[in-house]
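Here is how the chains run, residue by residue.
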Amino acid sequence: MTTTITAAVSRGTDSPFTIEELDLDDPRPDEVVVRIGATGVCHSDIAALDHPMLEWPAVLGHEGAGVVERVGDHVTDVKVGDHVATSFVWCGRCAACLQGRPTRCASMRELNFSGVRADGSHLLHTEDGAPVSGRFMGQSAFASHVLVPASSVIVVPDDLDPVIVAGLGCALQTGAGSILNALRVTAGDHVVISGAGSVGLAAVMAARAAGATRIVAVDLLPSRRALATRVGATHTVDGAREDLAAAIHEALGGSADAAFDASGAPDAVLADVTVL
Ligand SMILES: [Zn+2]
Ligand SMILES: [Zn+2]
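Residues numbered from 1 in each chain as written. Chains lettered and ligands numbered in written order. Predicted model: local features only at pLDDT ≥ 70, side-chain atom pairs only at ≥ 80, totals over all residues. Heavy atoms only, no water.

## Section: the sheet that holds strand β13 (residues 235–238)
Then, number 1: Strand order in the open sheet formed by four strands is β13-β12-β11-β14, and the pairing between neighbours is parallel. Each end of this open sheet is capped by a strand with a single partner; those strands are β13 and β14 (258–261). Each neighbouring strand pair of the sheet contributes to a mean axis angle of 15°, computed without reference to strand direction.
Then, number 2: The sheet strands contacting helix α7 (residues 222–231) are β12 (214–219) and β13, and the helix crosses β13 at an angle near 165°.
Then, number 3: Those strands touched by helix α8 (residues 244–252) are β11 (190–194), β12 and β13, and its axis lies near 155° from that of β12. (Pairing = 2+ DSSP bridges. Helix = DSSP H or I, 4+ residues; strand = E, 2+ residues; numbered from the N terminus. Axes fitted to C-alpha atoms, helices over the stretch in contact; angles between N-to-C directions. Contact = heavy atoms within 4.5 Å.)

## Remarks on the coordination of the zinc ion (ligand 1)
Tetrahedral coordination by four donors puts the ideal angle at the metal at 109.5 degrees, and octahedral coordination by six puts it at 90 or 180 degrees.
Then, number 1: The protein atoms that coordinate the zinc ion (ligand 1) are Cys 42 (SG), His 62 (NE2) and Cys 170 (SG), at distances of 2.0 to 2.3 Å.
Then, number 2: Site description for the zinc ion (ligand 1): donor spacing in sequence, C-x19-H-x107-C. A residue pair is termed long-range when its members are at least 10 positions apart, and Cys 42 in the loop between β3 (31–39) and α1 (43–47) and Cys 170 in the loop between α4 (162–165) and α5 (171–182) qualify at 128 residues. With respect to class, Cys 42 is no different from Cys 170; both count as buried. (Donors = N, O, S within 2.8 Å, 3.2 Å for Na, K, Ca; no water. Buried < 20%, exposed > 50% of the residue type's maximum accessible area, 1.4 Å probe, protein only.)

## Details of the environment of Gly 81
Then, number 1: Within the secondary structure layout, Gly 81 lies in the loop between β5 (64–71) and β6 (83–86).
Then, number 2: With a relative accessible area of 34%, Gly 81 lands in the partly exposed category.
Then, number 3: What Gly 81 contacts, discounting residues up to four positions off in sequence, is Val 67 and Val 68.

## A look at the layout of surface pockets
Then, number 1: In this structure, the largest pocket encloses a volume near 930 Å³.
Then, number 2: Of all the elements in the fold, those that place two or more residues in the lining of the largest pocket are α3 (108–113), β10 (153–155) and α5.
Then, number 3: Composition of the lining of the largest pocket by domain shows at least three residues from each of domain 1 (3–166) and domain 2 (172–275).
Then, number 4: Put simply, the second largest pocket is a space of about 450 Å³.
Then, number 5: If you trace the second largest pocket, you find 21 residues lining it, with Asp 30, Val 89, Trp 90, Arg 135 and Pro 149 closest to the centre.
Then, number 6: When grouped by side-chain class, the residues that make up the lining of the second largest pocket number nine nonpolar, three polar and nine charged. (1 Å grid on protein atoms, 1.4 Å probe; cavity = no way out; pocket = protein on both sides within 12 Å on 5 of 7 lines; lining within 4 Å. Points joined across faces, edges and corners; volume = space filled by probe spheres on them. Domains from an automatic or database assignment. Nonpolar A, V, L, I, M, F, W, Y, C, P; charged D, E, K, R; others polar.)

## Regarding the packing of aromatic side chains
Then, number 1: Under the criterion given, the structure shown has two aromatic pairs.
Then, number 2: Ring centres of Phe 113 and Phe 136 lie 5.9 Å apart, and the angle between their planes is 70°; this geometry places the pair in the edge-to-face category. In this pair, Phe 113 sits in helix α3 while Phe 136 sits in the loop between β8 (131–132) and β9 (145–149), placing the two residues 23 residues apart along the sequence. Comparing Phe 113 with Phe 136 shows no difference in burial state: the two are buried. (Phe/Tyr/Trp six-rings, centres within 6.5 Å; stacked < 30°, edge-to-face > 60°.)

## A word on the sheet that holds strand β7 (residues 124–126)
Note on sheets: strands pair through backbone hydrogen bonds, and any given pair is parallel or antiparallel.
Then, number 1: Overall, antiparallel pairing links the five strands, which are arranged β4-β1-β2-β7-β8 in an open sheet. Each edge of the open sheet carries a strand with a single partner, namely β4 (58–59) and β8.
Then, number 2: Bridge count for strand β1 (residues 3–10) against β4 is two bridges, and the pairing is antiparallel. Within β4, the position partnered with Ser 10 by the bridge is Ala 58.

## Points about the coordination of the zinc ion (ligand 2)
Then, number 1: Coordination sphere of the zinc ion (ligand 2), protein contribution only: Cys 91 (SG), Cys 94 (SG), Cys 97 (SG) and Cys 105 (SG), at 2.3 to 2.4 Å.
Then, number 2: Given four donor atoms and angles of 105 to 118° at the metal, the environment of the zinc ion (ligand 2) is assigned as tetrahedral. (Tetrahedral: all angles 85-135°; square planar, octahedral: opposite > 155°, others 65-115°.)

## Brief notes about the domain arrangement of the chain
The accessible area lost on association of the parts is a frequent measure of interface size.
Then, number 1: Assigned domains within the chain: domain 1 (3–166) and domain 2 (172–275).
Then, number 2: For domain 1 and domain 2, the distance between their C-alpha centroids amounts to 31 Å.

## Focus on α5
Then, number 1: Turning to α5, its buried residues number three or more, namely Ala 171, Gly 175, Gly 177, Ser 178 and Ile 179.
Then, number 2: Of the surrounding elements, those touching the buried residues of α5 are β11, α6 (198–210) and β14.
Then, number 3: Phi for Arg 184, located one or two positions after α5, is positive at around 50°.

## What to know about the nonpolar core
Then, number 1: Membership of the largest hydrophobic core comes to 22 residues, with the highest contact counts inside it found for Ile 5, Ala 7, Leu 22, Val 59, Leu 60, Leu 124 and Phe 136.
Then, number 2: When contributions to this core are tallied by element, the ones reaching two or more residues are β1, β2 (18–24) and β4.
Then, number 3: A per-element tally of this core places β1 first, with four residues.
Then, number 4: Look past the residues within four positions of Ala 7 in its chain and what remains in contact with it is Thr 18, Ile 19, Glu 20, Leu 22, Val 59, Phe 142 and Ala 143.
Then, number 5: Val 191, Ala 206, Ala 233 and Ala 258 belong to the second largest nonpolar core, which has 17 residues in total. (Core = buried A, V, L, I, M, F, W, Y, C linked by side-chain atoms within 4.5 Å.)

As structure tokens, this is what we get:
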């Protein structure tokens, strides 16, 4: 018994999303179905429109939040009714996964960007039975429901707004993980973070939590700089300044112990590297 769901279906770069009814496969023993309450839109969803591994049509979206609606027979750590964030798929068997670094999973590309399960089966079909690529970054969350491995959902408190939870699936863990796991920012560090979108703001919050004493946030928008200050930045710099590296250097009070770019702007990256 498949589930009829509603999804925003993509057919490539030049096609608009179309809202369609699709058939979602039943959960396998280790999978769960989540009814989506909110989903973020990440730049990777746009970049995916040119992704060579995806076959169209496809359902994108990878910042899902919602409520578990069905669970597979072997699922024990998540139950129906749990509020969850949904995230990427990892194999659980490669060296990186066994070392507790699932973002480095050796099967990351195949499991998250091929549109199918590891065994090649599709999760989504049109009403007339044609396959649709799913499990984009583990989720395909531009839909009323997603089908994910139980190991890809994180239970969150019931009273959290799914609009807030959705960012955990990509942006918040990307920003926080970069600061805590990759850069290993520690107490007393001076850190520059360029780009104060959700990734950069998560990095600011993580740097603050790690005890960094100077946290310089760089962004073009005054509203973003103000938000960065609210969540932990000690200084902000207008990314449009011509003397950007010098301005960041001054705000840091010297060189940076760590620099993180979430803007994608070459000028900002160059300035960040200059102050290291
Ligand atoms: Zn993303
Ligand atoms: Zn793995």
